[in-house]
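Secondary and tertiary structure notes
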Amino acid sequence: MASNHRDYLVVWFGVRLSGDVVLASRVDNDGVIIDSVPFEISTDTVLLNQLAVSSDGENYLVVWTTQTPDTIGLDLVFKRIAIDGSILDTIPHLIARNHNGIYKPAISFSGGCYLVVWNQEDNIFGCRILPDGTVLDSNGFSICVDTFQQLEPAISSDGHRFFVTWTDNRNDNYDIYGVFVDSLANVSIIENISSLTNNHFNVNISPNPFTSKINIKNNSEINFLKIYDISGKLVKSFTNASTQIIWDGENNQGQIVPNGVYLLELQSNNNKITRRVIKLK
């Protein structure tokens, strides 16, 4: 959801027989739903994964990740929505493409341009987009590239520059790091914002995304592991006490699960965490 200070634009995924679609509806500042019948932003595709939206004070920019039959991995695309709810782009415009996938997009507006950030191969990338739809950084520029994992980017702005944060395991804990990025794509020195050490969990899940098998390791014995699909339906459960569990992508009936997002609920001793994983072709 985003606001242009006149109304709000709420965006979400809908399901069609032919594939997923991006839907939207505007709500005014009095809480009145402007679009009682949601309008479709995207065309039908095989898999839509994650989305984000921001505004330049007038129009909106909606970004989402998508997988189509002729692509491998996930693409990051966008469309612009005018203040009156009309769609300014007839087809989605490509921001970035990666065969291993693009995840967790986030977006903000500052200094005359949007900055879209995302997770790609355990690194953080960004792309500037002008309000007229011009992509300034084809396939993105690196914000943080390291041998360790950088995950879950978030972004905000003060009207002059952007502040981008993410979780980072370079110190064997998932700490929070952040940088400033200006409208010219200059990135400041990385700063460790906080050291958030979890004394009970040191979970390593790899590879993520995965195609056939995924390895879940913990620093202490896993009492149980439950795997749910994105709708919350239980897919697979493990109860053996071990520090390592391998999931081969099968459900409790021995069937291979379809591609998509899955939630891993892991309990060790009296502590429980949830992690998200993605299965690709």
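The present account deals with the structure reproduced in this document.

**A few points about the packing of aromatic side chains**
Summed over the entire model, instances satisfying the criterion amount to 5 aromatic pairs. Geometrically, the ring pair formed by W118 and F125 is stacked, given 6.5 Å between the ring centres and 20° between the ring planes. We note that W118, like F125, is buried. Each ring, one from W247 and one from Y262, has its centre 5.7 Å from the other, and the planes form 75°; the classification is edge-to-face. Residue W247 is located in strand β21 (residues 242-247), and its partner Y262 is located in strand β22 (residues 260-268); the two are separated by 15 residues in the primary sequence. Exposure class is identical for W247 and Y262. Each is buried. Members of the aromatic cluster, connected to one another through ring pairs, are F210, W247 and Y262. Its guanidinium or amino end placed over the ring of F224, K226 lies 5.2 Å from that ring's centre, counting from NZ or CZ.

**Here we look at unusual backbone geometry**
Note that the residue after S206, namely P207, is joined by a cis bond; omega there is -10°. Here P207 shows up in the loop between β17 (204-206) and β18 (214-222). With omega at 10°, the peptide bond leading from N208 into P209 counts as cis. In this structure, P209 sits in the loop between β17 and β18. Even without being glycine, A185 reaches a positive phi, approximately 75°.

**A short note on the state of the cysteines**
Evaluation of the coordinates by the stated rule reveals 0 disulfides. The closest cysteine sulfur to the non-disulfide-bonded C127 is located on C113, 9.4 Å from its own sulfur. With no disulfide of its own, C144 lies closest to C127 among cysteine sulfurs, the gap being 18 Å.

**Considering the sheet that holds strand β9 (residues 103-110)**
Read across the sheet, 4 strands follow the order β9-β10-β11-β12 without closing on themselves; strand pairing throughout is antiparallel. One side of each edge strand has no neighbouring strand; the edge strands of this open sheet are β9 and β12 (141-144). Mean inter-strand twist for the sheet, computed between neighbouring axes without regard to direction, equals 30°. Two elements, strand β10 (residues 113-120) and strand β11 (residues 123-129), share 7 bridges in a ladder whose sense is antiparallel. When the bridges of β11 are listed, Y114 appears paired with I129.

**Notes on the environment of Q149**
Locating Q149 in the fold gives a position in the loop between β12 and β13 (150-157). Judged by its relative accessible area of 16%, Q149 is buried. On a C-alpha basis, the gap between Q149 and F180 in space is 19 Å, while along the polypeptide they are 31 residues apart. Look past the residues within four positions of Q149 in its chain and what remains in contact with it is D122, T167, D168, N169, Y174 and I205.

**So, the sheet that holds β21**
Reading across the sheet, the 3 strands line up as β17-β18-β21 and stay open at both edges, with antiparallel pairing between neighbours. Edge strands, defined here as strands with exactly one partner in the open sheet, are β17 and β21. Ignoring strand direction, the axes of neighbouring strands in this sheet form an average angle of 15°. Pairing geometry for β18 and β21, over 5 bridges, is antiparallel. Its bridge partner being in β21, I214 is matched across the sheet by W247.

Calculation rules
- Residues numbered from 1 in each chain as written.
- Predicted model: local features only at pLDDT ≥ 70, side-chain atom pairs only at ≥ 80, totals over all residues.
- Heavy atoms only, no water.
- Phe/Tyr/Trp six-rings, centres within 6.5 Å; stacked < 30°, edge-to-face > 60°.
- Buried < 20%, exposed > 50% of the residue type's maximum accessible area, 1.4 Å probe, protein only.
- Helix = DSSP H or I, 4+ residues; strand = E, 2+ residues; numbered from the N terminus.
- Lys NZ or Arg CZ within 6 Å of the ring centre and 35° of its normal.
- Disulfide = S-S within 2.5 Å.
- Pairing = 2+ DSSP bridges.
- Axes fitted to C-alpha atoms, helices over the stretch in contact; angles between N-to-C directions.
- Contact = heavy atoms within 4.5 Å.

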